[in-house]
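# Reading the structure
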Amino acid sequence: MRKIILLGLALASPLALAGPRCSEADKAQWQDPTKFQEQLKAQGYEIRKFKVTDGNCYEIYGFDKDRRKVEIYFDPVSGRAVKENIED
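Scope of this entry: the structure provided in the associated data block. Just so you know, the residues in each chain are numbered from 1, in the order the chain's sequence is written. In keeping with the model being predicted, local features are shown solely for residues with a pLDDT of at least 70 and side-chain atom pairs are shown and tallied solely at 80 or more, while totals for entire chains, interfaces and linings include all residues. Remark: hydrogens and water are excluded; side-chain values derive from all non-hydrogen atoms of the structure.

The next subject is the sheet that holds strand β4 (residues 81-87). By this definition, two strands are paired if DSSP reports at least two bridges between them. The secondary structure listing takes helices from DSSP runs of H or I that are at least 4 residues long and strands from runs of E that are at least 2 residues long, numbered from the N terminus. Overall, antiparallel pairing links the four strands, which are arranged β1-β2-β3-β4 in an open sheet. Edge positions in the sheet fall to β1 (46-52) and β4, since each has one partner strand and no second. Across the sheet, the axes of successive neighbouring strands diverge by a mean angle of 15°, strand direction being ignored. Note: β1 against strand β2 (residues 58-63), six bridges, orientation antiparallel. Paired with Ile-47 across the two strands is Gly-62, which belongs to β2. The sheet contacts of helix α2 (residues 33-42) involve β1, β2 and β3 (69-74), and relative to β1 the element is tilted by about 150°. Only the stretch in contact is used when a helix axis is fitted, and all axes are lines through C-alpha atoms; the angle between N-to-C directions ranges over 0 to 180 degrees. Two residues form a contact once any of their heavy atoms are found within 4.5 Å.

The following block contains the structure:
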């Protein structure tokens, strides 16, 4: 019984950690990543890490204008935030 539970946890873990799906659009429709980051910086974000996720999102780690630690997933076409994690 213990082996079945451990197997179930092992299989479910990657799904629980998976980020959101943001875009199915062709990458030619995506905003330029450098310009997108510049727009965020102009809004007061400090970007420590920027990446493209497996779910086709732009993801940033850093700080918002209020100096709160953030992890945010953005749709690369529209630029809208899809998921946010903010530490107060």
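Now, onward.
What follows is about the side chain of Glu-71. Relative to the helices and strands, Glu-71 resides in strand β3. Buried charged residue Glu-71 carries no salt bridge. Nearest counter-charge: Lys-83, at 6.7 Å. At a separation of 3.3 Å, a polar atom in the side chain of Glu-71 contacts the side chain of Tyr-61. One polar contact links Glu-71 to Tyr-73, side chain to side chain, over a distance of 3.2 Å. When residues no more than four places from it in sequence are discounted, the contact partners of Glu-71 are Glu-59, Ile-60, Tyr-61, Lys-83, Glu-84 and Asn-85. Only protein chains enter the area calculation, which uses a 1.4 Å probe; residues under 20% of their type maximum are buried, those over 50% are exposed, and those in between are partly exposed. When charges are counted, Lys and Arg are positive and Asp and Glu negative, with His and the chain ends excluded. Whenever Lys or Arg places a side-chain nitrogen within 4 Å of a carboxyl oxygen from Asp or Glu, that contact is recorded as a salt bridge. We define a polar contact as two N or O atoms separated by no more than 3.5 Å, with the added condition that, inside protein, one atom must be a possible hydrogen donor and the other a possible acceptor, whereas residues neighbouring each other in sequence contribute only through side-chain atom pairs.

Next up on the list: the packing of aromatic side chains. By convention, a stacked pair of Phe, Tyr or Trp rings (six-membered ring in the case of Trp) has centres within 6.5 Å and planes under 30 degrees apart, an edge-to-face pair has planes over 60 apart, and any other such pair is tilted. Applying the stated criterion to the full structure yields four aromatic pairs. Here Phe-36 and Tyr-58 contribute two aromatic rings whose centre-to-centre distance is 5.4 Å and whose plane-to-plane angle is 45°, an arrangement assigned as tilted. One end of the pair, Phe-36, is in helix α2; the other, Tyr-58, is in strand β2, with 22 residues separating them in the sequence. By the burial criterion, Phe-36 is buried, and Tyr-58 matches it. With centroids separated by 5.1 Å and ring planes inclined at 75°, the aromatic side chains of Phe-36 and Phe-74 adopt a geometry described as edge-to-face. Here Phe-74 lies in strand β3 and Phe-36 lies in helix α2, a separation of 38 residues in the sequence.

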